[in-house]
Structures are given as structure tokens and as C-alpha cells.
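Tertiary structure, described
In case you want the letters, here they are:
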Amino acid sequence: MDMKKILIIEDEKSISDIIKFNLDKEGFQTETAYDGTIGLEKAQSLAPDLILLDVMLPGIDGFQVCKKIRETSSVPILMLTAKEEEVDKVLGLELGADDYITKPFGMRELIARIKANLRRIELVSSLQNEPSNLREFGNLAIDMNRYEVRKDGVALELTLREFELLRYLAERENKVFSREQLLEEVWGYEYYGDIRTVDVTVRRLREKLEDDSSDPGYIMTKRGIGYYFRRP
Ligand code: CA
């Protein structure tokens, strides 16, 4: 079995130590960084399989680290947020974090989240060996198997969640889904209740897909209900 490498960027040494201890015991290879600057350097030099990223960090804060990492890498980032920092969660997702977990958290929950995120990455890489399953919607071409989207022949860089949301809606053209339904169907296991996650992801998707994200042509809002996909 190949050991997955996890980078822990967390300035509170007691928290970092206990995470490291538990992940090592679970068979992961771990690296630590105690501030944002070192964390960012290690994220780039060590090519980890997943990053645990605290929000409040000395040097560069977690949001900036997340944003910087996303400029060059699609590595899963699981953000560690303090209790009830609702605004922070949404901001983290906007900057490209894949998931977040609220402190204080149990180690079993953390490990379950890590494994779920790693499984999704493995699923994607296995799907990329699948035969192409291209569907065209106007000038948008979506390869449902390979997680690839092209618009006018130009590849778009979508995160996994963005792709999964787009695929879910596009496979069910013109059918309207509530935010709660989308949260359950696309995000599944870990997201209970924070429906703004759906809005944030829709907004990011529109910025990438649409000619004018304020006047969308693919992902439509059904006022008071939710979202649907249509062919322009
Ligand atoms: Ca901290």
C-alpha cells in the first residue's frame, strides 16, 4: 500500500502533535508546519496528497495559504476552523478549500474526512482511465467520465465539487433542485445544513462557465426554489 502524505499546517503545537500522532498510527506519512509561510513552502516542495490547514496562523493566514496553493495545485485542502466561524467556512470554500472541519473535533471524525477526501481523488484518477463519455450542451462539452469540461474547445479548470455539481445538474437538464437536495446528492456525507456552500459553488461555477456570470445561460436560479441546468 502506498502511504499517503499529509501536510499539517497548524501553529498550536499541542493540536498538531495529537493530529500527527493519530495520523501516523493510521498509517499516513505526516509533515508539519507551524506557520503559513513554511506551510506554503512545504505544500509546494513536498507535494502532499492532502493538506490540513488551520485558518488562524502566524505569518500568512490560512485563507491566503489556501489561495496561493490553489494557484498551482488541486490537492485536497481540509480547513480547520474555530467553532462557529461561519463566515470563515464560506470564505474558505470560496478560496478553493475542499472541506472544513470545526474545532474541537474528534480524531475519528478527522480521519473519516481525510479518507473520504482521498477516496474522491482516487475515484477521479480511476475515472480518467475510463472511456470518454462526452456530452455536448451548446458550446459546452462535458466529459461525464473524465471530469473534463471544455467551452468552445478550451478546457476549464474546475474543482471536483464544481465538476460534480455541474455534472449532476447537466445530467438532469431543466429539472430544478433545492439547495438542500443538491447538498445531499452532491456533497453527501459531511455537509449538514450549510446551504450557502451550494450558493458559493454555483457562483464559482458561473464565473468559470458563463460569459456573463450575472446573466447566466447554463446554471439558472429558480427563485425561491433552487437551481437547474439548461442548454443555452
Ligand atoms: Ca491557529
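Please refer to the structure placed before this passage.
These remarks concern the structure in this document. (Residues numbered from 1 in each chain as written. Predicted model: local features only at pLDDT ≥ 70, side-chain atom pairs only at ≥ 80, totals over all residues. Heavy atoms only, no water.)

Quick notes on the coordination of the calcium ion
- Within the protein, the atoms that donate to the calcium ion are Asp11 (OD), Asp54 (OD) and Met56 (O), at distances of 2.1 to 2.3 Å.
- Taken in chain order, the donor set of the calcium ion reads D-x42-D-x1-M. Residue Asp11 is located in the loop between strand S1 (5–9) and helix H1 (13–25), and its partner Asp54 is located in strand S3 (residues 50–54); the two are separated by 43 residues in the primary sequence.
- Looking at Asp11, the relative accessible area reads 30%, which means it is partly exposed.
- For Asp54, a relative accessible area of 4% puts it in the buried group. (Donors = N, O, S within 2.8 Å, 3.2 Å for Na, K, Ca; no water. Helix = DSSP H or I, 4+ residues; strand = E, 2+ residues; numbered from the N terminus. Buried < 20%, exposed > 50% of the residue type's maximum accessible area, 1.4 Å probe, protein only.)

A short note on the pairing of S3
- Counted residue by residue, S3 has five buried out of five residues, so it is predominantly covered.
- Of the two faces of S3, the one lined by Leu50, Leu52 and Asp54 and the one lined by Ile51 and Leu53 are each fully buried.
- Here S1 runs beside S3; their pairing, made up of four bridges, is parallel. Its bridge partner being in S3, Ile6 is matched across the sheet by Leu50.
- Where S3 meets strand S4 (residues 77–81), four bridges bridge the pair, whose relative direction is parallel. Among the inter-strand pairings, Leu52 is bridged to a residue of S4, identified as Leu78.
- Each parallel crossover has a hand, and the one from S3 via helix H3 (residues 62–72) to S4 is right-handed. (Pairing = 2+ DSSP bridges. Right-handed = clockwise from strand over helix to strand, strands pointing away.)

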